[in-house]
Amino acid sequence: MSQPTTFNPSRRKSRRRALDVLYQADLREMSPRQVLNDTLARMGADRPDHMDYAVTIVDGVADHTLRIDELIASYAEGWTIERMPVVDRNLCRIAVFELLYNDEIDDAVAISEAVELARELSTDDSPRFVNGLLGRIAEFATP
């Protein structure tokens, strides 16, 4: 069994790219896989290496959306999934996928990466919200 990873700059690029795909899918009410396929087709042969993990994330979120969204809804005190900012909702989906289904990523790394991306891309309140929500999920809902 491999060791859990710490911060990896190419993984951050992967998460950002996966976030782009999930965000588009959410806004356009399309399947994440369709948006991903369109993105990969536009890249053609110029597909960067970090896309491999982005594909893993998007496929994983798509495969486990019901369970991931169920957990987010259960632990998001006072918020419904629909009311969350689209960026926050999809950052949480990525992190919950990593918490539950990717043993190669340390829980603390999954959470801190989501918080950092929320800090860069979302509202002033988002990092605290994302950190609290993911911390509760990591503590109570993961094996």
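Within each chain, residues carry numbers counting from 1 in the order of the written sequence. Reporting in this predicted model follows two pLDDT cut-offs: at least 70 for local features of residues, and 80 or more for side-chain atom pairs to be given and counted; totals over whole chains, interfaces and linings ignore these cut-offs and use all residues. No hydrogens and no water enter the side-chain calculation; it runs on all heavy atoms of the structure.

The next thing to look at is the overall build of the chain. Along its length, the chain carries seven helices and zero strands. Listed by position from the N terminus, the elements making up the chain come as α-α-α-α-α-α-α. Note on method: radius of gyration uses C-alpha positions; expected globular size equals 2.2 Å times residues raised to 0.38. For 143 residues, the compact-globule estimate of 2.2 N^0.38 gives 15 Å, and the C-alpha radius of gyration of the chain, at 14 Å, lies within 12% of that figure. Each residue is placed in one exposure class: buried if its accessible area under a 1.4 Å probe, protein chains only, is under 20% of its type's maximum, exposed if it is over 50%, and partly exposed if it falls in between. Each of the 143 residues in the chain was classed as buried or not, and the buried ones make up 45%. Of the contacts made within the chain by residues no fewer than 6 positions apart, 70% connect residues no fewer than 24 positions apart. Entry remark: accessible area of the chain is about 7600 Å², with carbon and sulfur atoms responsible for 48%. Counting from the N terminus, the helices are DSSP H or I runs at least four residues long and the strands are E runs at least two residues long. Whether two residues touch is decided by their heavy atoms; if any such pair falls within 4.5 Å, the residues are in contact. Each accessible area value is a Shrake-Rupley result obtained with a 1.4 Å probe; residue values ignore everything except the protein chains displayed when judging cover.

The next point concerns the UniProt feature "domain: NusB/RsmB/TIM44" (unreviewed entry) in the chain. In this numbering, the UniProt entry assigns the feature "domain: NusB/RsmB/TIM44" (unreviewed entry) to residues 12-138. Structurally, residues 12-138 comprises 76% helix and 0% strand, and the distance from its first C-alpha atom to its last is 20 Å. UniProt positions are given in the numbering used here, feature names are shortened, and annotations may be inferred rather than shown by experiment.

Positionally, S31 belongs in the loop between α1 (9-28) and α2 (32-43). Its relative accessible area of 37% is what places S31 among the partly exposed residues. In sequence terms S31 and V21 are 10 residues apart; their C-alpha atoms lie 9.7 Å from each other. Counting of polar contacts relies on pairs of N or O atoms within 3.5 Å, with two restrictions inside protein: one atom must be capable of donating a hydrogen and the other of accepting it, and residues adjacent in sequence are counted only when both atoms are side-chain atoms. A distance of 3.1 Å separates the side chain of S31 from the backbone nitrogen of R33, its partner in a polar contact.

Our focus in this paragraph is the side chain of E98. Its place among the elements puts E98 in helix α5 (residues 86-101). With near-sequence residues (within four places) excluded, E98 lies in contact with R15, Y53, I57, I105 and A110.

We now examine the environment of T65. Locating T65 in the fold gives a position in helix α4 (residues 65-75). For the pair T65 and V96, spaced 31 residues apart in the sequence, the C-alpha separation amounts to 9.9 Å. A polar contact of 2.5 Å, which involves the side chain of T65, links it to the backbone oxygen of V61.

Here we take up the nonpolar core. Considering soluble globular proteins, one finds that nonpolar side chains tend to be buried as a cluster. Formed by 46 residues in total, the largest nonpolar core has its most connected members in I72, V96, L99, V130, L133, L134 and I137. Secondary-structure elements contributing two or more residues to this core are α1, α2, α3 (51-63), α4, α5, α6 (107-121) and α7 (126-140). With nine residues, α5 is the single largest residue contributor to this core. Ignoring any residue separated from it by four or fewer positions in sequence, one finds V130 in contact with D88, C92, A114, V115 and A118. Throughout, nonpolar core names a set of buried Ala, Val, Leu, Ile, Met, Phe, Trp, Tyr and Cys residues whose side chains join them through atoms within 4.5 Å.

The rule for a salt bridge is simple: a side-chain nitrogen of Lys or Arg has to be within 4 Å of a carboxyl oxygen of Asp or Glu. For the structure shown, the criterion picks out 16 salt bridges. Between R93 and D26 there is a salt bridge, with its nearest N and O atoms 3.4 Å apart. With a gap of 67 residues between them, R93 in helix α5 and D26 in helix α1 connect regions that are remote in the sequence. Classification of R93 by relative accessible area gives buried; the value is 11%. The class for D26 is partly exposed, based on a relative accessible area of 23%. Between D63 and R33 there is a salt bridge, with the nearest N and O atoms lying 2.3 Å from each other. Of this pair, D63 sits in helix α3 while R33 sits in helix α2, and the two are 30 residues apart along the sequence.

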